[in-house]
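Fold and geometry: a report
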Amino acid sequence: MNIALIPARGGSKRIPRKNIKPFLGKPLIAYSIETALASGCFDHVIVSTDDEEVATVAKRYGASVPFMRPKQLADDFSPTLAVIQHAIAQLDQQYEFDAVCCIYATAPLLRPEDIQKGLKVLTSDNPTYTFSATEFDFPVQRGFTLDGELSLLMPEHQNTRSQDLPTVYHDAGQFYWGKKSTFAAGTAIFSPQSRPIVLPKLRVQDIDTQRDWDFAEALYKYATS
């Protein structure tokens, strides 16, 4: 048995009520719930929230909310792994399950086949975790910081042609598949034993500011046109 876990706290400072704010006419969290259901990978789609309104919206779109998250795990500093571990402890009292997929509520560009691929790799290759990833838009080897003065991250590559540099990837922040026991043990997600599921750049967008939100809506329209 597999469970989808969607963390969705009520508070959000930069975009108020972000998880249930209408995204192209539908609450943002609805996209993650519907994608999880459409994947066919889960026996239960669970939302972990501290907020009654979020819980009501989640249920309306087909998710279950069998427990409420404590306030101490619903602030700006609550790590995702701690939220997952809390959910596993609660769900262990109600269900028998083997694997968990944490899906962020802010992933409207995620598709059912991405989740399916993550599960296939998890069960066939037996990695620690599988997770969504994508490549950086620009070679990070040519990056620099500005702290009073310009400082190159990798001075040895300041004259290296972009096409001669290896592609570098980053966490896409959409989903994380893992065995229940692995999450419960607090095993780090990013390690040589984990396997990334690489998504196209045009289907990855953090949603932290209003500009991010507007761009994500534009990407969604493009991806579904």
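The following paragraphs examine the structure supplied in this document.

1. So, the overall build of the chain
Broken down by element type, the chain carries six helices and 10 strands. For 225 residues, the compact-globule formula gives about 17 Å, and the C-alpha radius of gyration of the chain, at 19 Å, lands near that figure. Its C-alpha atoms give the chain principal-axis dimensions of roughly 60 × 40 × 40 Å. Burial statistics for the chain: of 225 residues in total, 46% are counted as buried. Roughly 11600 Å² of accessible area belongs to the chain as shown, and the carbon and sulfur atoms make up 50% of that amount.

2. With respect to a nonpolar patch on the surface
A cluster of nonpolar side chains, Phe144, Leu146, Leu150 and Leu152, forms an exposed patch at the surface whose accessible area comes to about 400 Å². Secondary structure elements with two or more residues in the nonpolar patch: strand 7 (144-146) and strand 8 (150-152). Mapped onto the fold, phenylalanine 144 is located in strand 7. Note on phenylalanine 144: relative accessible area 46%, which makes it partly exposed.

3. Some thoughts on helix 2 (residues 52-60)
Restricting attention to buried positions, one finds in helix 2 the residues Val54, Ala55, Val57 and Ala58. What you see down the axis of helix 2 is that its buried residues fit within an arc of 165°, all on one side. Residues of helix 2 that are exposed and angled more than 90 degrees away from the buried face: Glu52, Lys59 and Arg60. Of the residues flanking the start of helix 2, the one acting as N-cap is aspartate 51, its side-chain oxygen 2.9 Å from the backbone nitrogen of glutamate 53. Phi turns positive, to about 110°, at glycine 62, one or two residues after helix 2.

4. A look at the nonpolar core
Among the nonpolar cores identified, the biggest contains 33 residues, and Ile6, Ile29, Phe42, Val47, Ile103 and Trp177 are the most heavily contacted of them. Elements represented by at least two residues in this core include exactly strand 1 (2-7), helix 1 (28-39), strand 4 (44-48), helix 2, strand 5 (99-103), helix 4 (112-125) and strand 9 (169-179). Excluding its chain neighbours within four sequence positions, the residues that come into contact with valine 47 are Ile6, Ala8, Ile29, Ile33, Ala58, Ala63, Ser64 and Val65. Counting 18 residues, the second-largest nonpolar core is a separate cluster that includes Ile84, Ile88, Phe97 and Ile189.

5. As for helix 1
When you tally the buried positions in helix 1, you get nine out of 12 residues, the bulk of the element. Turning to helix 1, its buried residues are Leu28, Ile29, Ala30, Tyr31, Ser32, Ile33, Thr35, Ala36 and Ser39. One or two positions beyond helix 1, positive phi appears at glycine 40, with a value near 70°.

6. A closer look at the pairing of strand 9
As paired elements, strand 5 and strand 9 share five bridges and run antiparallel to each other. Directly across from valine 100, in strand 9, lies its bridge partner glycine 178. As judged from the six bridges shared by strand 6 (residues 129-135) and strand 9, these two strands associate in the antiparallel manner. Residue pairing for strand 9: threonine 134 is matched across the bridge by histidine 170.

7. Here we look at the pattern of salt bridges
Considering all chains together, one arrives at 12 salt bridges under this definition. Between aspartate 51 and arginine 17 there is a salt bridge, with its nearest N and O atoms 2.9 Å apart. With aspartate 51 in the loop between strand 4 and helix 2 and arginine 17 in the loop between strand 1 and strand 2 (22-23), this pair connects stretches of sequence that are 34 residues apart. Across the pair lysine 180 and aspartate 92 runs a salt bridge whose closest N-O atoms are separated by 2.9 Å. A residue pair is termed long-range when its members are at least 10 positions apart, and lysine 180 in helix 5 (residues 180-184) and aspartate 92 in the loop between helix 3 (80-91) and strand 5 qualify at 88 residues. Given a relative accessible area of 40%, aspartate 92 falls into the partly exposed group. Taken together, the shared-partner salt bridges in this structure form one network comprising Arg9, Lys13 and Asp76.

8. A short note on the environment of tyrosine 220
Here tyrosine 220 is to be found in helix 6 (residues 210-223). By relative accessible area, tyrosine 220 is classed as partly exposed at 22%. Tyrosine 220 sits 148 residues away from glutamine 72 along the chain, and the two C-alpha atoms are 34 Å apart. Non-local contacts of tyrosine 220, meaning those with residues more than four positions away in its chain, are made with Phe23, Leu24, Tyr31, Pro108 and Leu109.

Calculation notes
Here the residue index of a chain counts from 1 through its sequence in written order. It should be noted that, the model being predicted, local features are given only for residues of pLDDT at least 70 and side-chain atom pairs only at 80 or more, the latter also being counted only at that level, while totals for whole chains, interfaces and linings use all residues. The basis for every side-chain value is the complete set of non-hydrogen atoms in the structure, without hydrogens or water. For the purposes of this entry, the term helix denotes a DSSP run of H or I that reaches at least four residues, the term strand denotes a run of E that reaches at least two, and both are numbered from the N terminus. The globule rule is 2.2 Å times the number of residues to the power 0.38, and the radius of gyration it is compared with is taken over C-alpha atoms. Throughout, exposure labels follow a simple rule: accessible area from a 1.4 Å probe, protein chains only, divided by the maximum for the residue type, with under 20% read as buried, over 50% as exposed, and the rest as partly exposed. The accessible surface values rely on the Shrake-Rupley method and a 1.4 Å probe; as for residues, cover is taken only from the protein chains in view. Distance thresholds for patches are 9 Å for like charges and 5 Å for nonpolar side chains (Val, Leu, Ile, Met, Phe, Trp, Tyr), applied to residues having over 30% relative accessible area and no salt bridge. A carboxyl oxygen of Asp or Glu within 4 Å of a side-chain nitrogen of Lys or Arg is what we treat as a salt bridge. By arc we mean the arc of the directions from the helix axis to the C-beta atoms, nothing more. By the criterion applied in these results, polar contacts are pairs of N or O atoms within 3.5 Å in which, for protein atoms, one can donate a hydrogen and the other can accept it, and in which residues neighboring in sequence qualify only through two side-chain atoms. Joining through side-chain atoms within 4.5 Å is the link that ties buried Ala, Val, Leu, Ile, Met, Phe, Trp, Tyr and Cys residues into a set, and such a set is a nonpolar core. Should any heavy atoms of two residues lie within 4.5 Å, those residues are considered in contact. We call two strands paired when DSSP finds no fewer than two bridges between them.

The analysis is restricted to geometry; functional conclusions fall outside its scope.
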